[in-house]
2 protein chains.
Amino acid sequence: MIDIAYEEAQAGLAEGGIPIGAALFAADGRLLGRGRNRRVQQGDPSLHAEVDAFRAAGRQRDYRSTVMATTLSPCWYCSGLVRQFNIGSLLVGECRTFSGGQDWLAENGVRVTVLDDDRCSAMMTAFIAEHPDLWHEDIGLAP
Amino acid sequence: MIDIAYEEAQAGLAEGGIPIGAALFAADGRLLGRGRNRRVQQGDPSLHAEVDAFRAAGRQRDYRSTVMATTLSPCWYCSGLVRQFNIGSLLVGECRTFSGGQDWLAENGVRVTVLDDDRCSAMMTAFIAEHPDLWHEDIGLAP
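Nothing here was measured: the structure is a model prediction, and the numbers come from that model.

## Description of the overall build of chain A
Line of reasoning, step 1. Secondary structure summary: chain A contains seven helices and five strands in total.
Line of reasoning, step 2. Tracing chain A from N to C terminus, the helices and strands come up as α-β-β-α-α-β-α-β-α-β-α-α.
Line of reasoning, step 3. Here chain A has a C-alpha radius of gyration of 14 Å; the compact-globule value for 143 residues is 15 Å, and the two agree.
Line of reasoning, step 4. Dimensions along the principal axes, computed over C-alpha positions, put chain A at roughly 40 × 30 × 25 Å.
Line of reasoning, step 5. When the 143 residues of chain A are sorted by exposure, 57% land in the buried category.
Line of reasoning, step 6. Counting only carbon and sulfur atoms, one obtains 48% of the accessible surface of chain A, whose full area is about 5,400 Å².
Line of reasoning, step 7. The distance from the centre of the 13 positive side-chain charges to the centre of the 19 negative ones in chain A is 10 Å.

So, in structure tokens, the structure goes:
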């Protein structure tokens, strides 16, 4: 599951975007939707990776058995998405370069797994070093 | 400000959508973006009203002095948006038909005003009575 999210992040990087990818899966492992951060590509600040994957999955009636995989710890916006729609499980590639709402989600009943994946953290660490302004914009940190 | 959010909600209702509207304003009252829930119209579950208004405002570098006006108390997804991007002020039409994250946001530094607007609550109460399934789908309540 994290491999698909990572592929999305790499595709975003190749497009000149912020390399964060995500994918939503059914309980049986079937892919429901995959996506990536598209702030740069589409000039759309609302398309964080998790939101893009959620959107790609279309209208669903029950998310309780689904798994959201994301290369990076989800920010409050994406954590709120997971909590509101009762997405059952969250798989986080890494939370070293950014630590978001994974503990808050775990406290509220989401099954959280943090993989501490070296590919994910290396990719994000390098990106932040090269493009700090873009990264800060993406998480709402004003100059 | 709430009038523009209300107009958006009414436009959504006329389209057969869920009647929730929102708008993002600069500190001087200038409209940055307006939007509405488009789950039905675009088959897009990610487009809650606040997200649609945020998207319409495009990329911004600093949200601290902005005001998000919304006809209905923001769910966790939209509350997470407000918190992550440090949107300074939240104007809520009503929180009688649905009570979301306004207290959580106030505790975290957002200036929150709840208007208890009768037009907003009448519109939403009537919609929920007529379309409970659609409403439950929109807030992630499984059947």
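Alright, that's what it looks like, and here's the rest.
## Some thoughts on unusual backbone geometry
Residues and elements named next belong to chain A.
Line of reasoning, step 1. Within the chain, Asn 86 stands out as a residue other than glycine whose phi angle is a positive 55 degrees.
Line of reasoning, step 2. Take Asn 86: it is sitting in the loop between α4 (76-84) and β4 (89-94).
Line of reasoning, step 3. Look at Asn 86 and you get partly exposed, because its relative accessible area is 36%.
Line of reasoning, step 4. The backbone of Asp 116 sits at a positive phi, close to 55 degrees, despite the residue not being glycine.
Line of reasoning, step 5. Structurally, Asp 116 can be placed in the loop between β5 (111-114) and α6 (118-130).

## Examining the UniProt feature "domain: CMP/dCMP-type deaminase" (unreviewed entry) in chain A
Line of reasoning, step 1. Under the present numbering, the feature "domain: CMP/dCMP-type deaminase" (unreviewed entry) in UniProt falls on residues 1-112 of chain A.
Line of reasoning, step 2. Structurally, residues 1-112 of chain A comprises 36% helix and 22% strand, and the distance from its first C-alpha atom to its last is 14 Å.

## Things to note about the packing of α4 of chain A against helix α4 (residues 76-84) of chain B
Line of reasoning, step 1. Their axes nearest at 7 Å, the elements α4 of chain A and α4 of chain B cross at an angle of 170 degrees. The angle between α4 of chain A and α4 of chain B falls in the class roughly antiparallel. Packed against α4 of chain A, whose contacting residues are Trp 76, Tyr 77, Gly 80, Leu 81, Arg 83 and Gln 84 of chain A, the element α4 of chain B presents Trp 76, Tyr 77, Gly 80, Leu 81, Arg 83 and Gln 84 of chain B at the interface.
Line of reasoning, step 2. Taken together, the residues that form the contact of α4 of chain A with α4 of chain B break down as six nonpolar, four polar and two charged.

## Quick look at the interface of chain B and chain A
Line of reasoning, step 1. Between chain B and chain A, the contact holds 38 residues from the first and 38 residues from the second.
Line of reasoning, step 2. Both sides of the chain B and chain A interface together cover about 3,300 Å² of buried area, and 58% of this is carbon and sulfur.
Line of reasoning, step 3. Contact with chain A buries area across many residues of chain B, yet Arg 59, Arg 61 and Gln 84 of chain B alone supply 24% of it, more than any other trio.
Line of reasoning, step 4. As a salt-bridge pair, Arg 59 of chain A and Glu 137 of chain B come within 2.7 Å of each other at their nearest N and O atoms.
Line of reasoning, step 5. For the pair chain B and chain A, the number of links is 14 residue pairs in polar contact (both at pLDDT 80 or more).
Line of reasoning, step 6. Those elements giving two or more residues to the side of chain B that touches chain A turn out to be α2 (39-42), α3 (49-56), α4 and α7 (132-138) of chain B.
Line of reasoning, step 7. For the side of chain B that touches chain A, the element with the most residues is α4 of chain B, which contributes six residues.

## What to know about the state of the cysteines
All names here are of chain A.
Line of reasoning, step 1. By the definition in use, this model includes zero disulfides over all chains.
Line of reasoning, step 2. This cysteine, Cys 78, is not joined by any disulfide, and Cys 75 carries the nearest cysteine sulfur, 4.0 Å off.
Line of reasoning, step 3. Its relative accessible area of 1% is what places Cys 78 among the buried residues.

The rules behind the values
- Residues take numbers from 1 onward in each chain, read along the sequence in its written order.
- Whichever chain is written first is A, and whichever ligand is written first is 1; the rest continue in order.
- Per-residue local features of the predicted model are confined to residues with pLDDT of at least 70, and side-chain atom pairs are confined, for both listing and counting, to 80 or more; whole-chain, interface and lining totals are unaffected and use all residues.
- Heavy atoms throughout the structure, all of them, feed into the side-chain values; hydrogens and water do not.
- Numbered from the N terminus, helices here are DSSP runs of H or I no shorter than four residues, and strands are runs of E no shorter than two.
- As a reference, a globule follows 2.2 Å times the number of residues to the power 0.38, and the radius of gyration itself is taken over C-alpha atoms.
- Relative accessibility thresholds used throughout: buried, under 20% of the residue-type maximum; exposed, over 50%; partly exposed, between the two (1.4 Å probe, protein chains only).
- Note on areas: Shrake-Rupley, 1.4 Å probe, and residue coverage restricted to the protein chains presented here.
- Residues scored as positive are Lys and Arg, those scored as negative are Asp and Glu, and His as well as the terminal groups of each chain are ignored.
- The location of each charge is read from NZ of Lys, CZ of Arg, CG of Asp or CD of Glu.
- UniProt positions are given in the numbering used here, feature names are shortened, and annotations may be inferred rather than shown by experiment.
- As a rule, the C-alpha atoms of each element are fitted with a line to give its axis, helices using only the stretch in contact, and angles between N-to-C directions run from 0 to 180 degrees.
- Working definition: roughly parallel below 35 degrees, roughly antiparallel above 145 degrees, roughly perpendicular at 65 to 115 degrees, and oblique for all remaining angles.
- Contacts between residues were defined by any pair of non-hydrogen atoms, one from each residue, lying within 4.5 Å.
- Basically, the charged four are Asp, Glu, Lys and Arg, the nonpolar ten are Ala, Val, Leu, Ile, Met, Phe, Trp, Tyr, Cys and Pro, and anything else, Gly included, counts as polar.
- By buried area we mean how much accessible surface two parts lose on assembly, using a 1.4 Å probe and totalling the loss over both.
- The salt bridge criterion pairs a side-chain nitrogen of Lys or Arg with a carboxyl oxygen of Asp or Glu, the two atoms within 4 Å.
- Nitrogen and oxygen atoms within 3.5 Å of one another constitute a polar contact, given that in protein one can donate a hydrogen and the other can accept it, and given that sequence-neighbouring residues count only through two side-chain atoms.
- The term disulfide is used for any two cysteine sulfur atoms that are within 2.5 Å.

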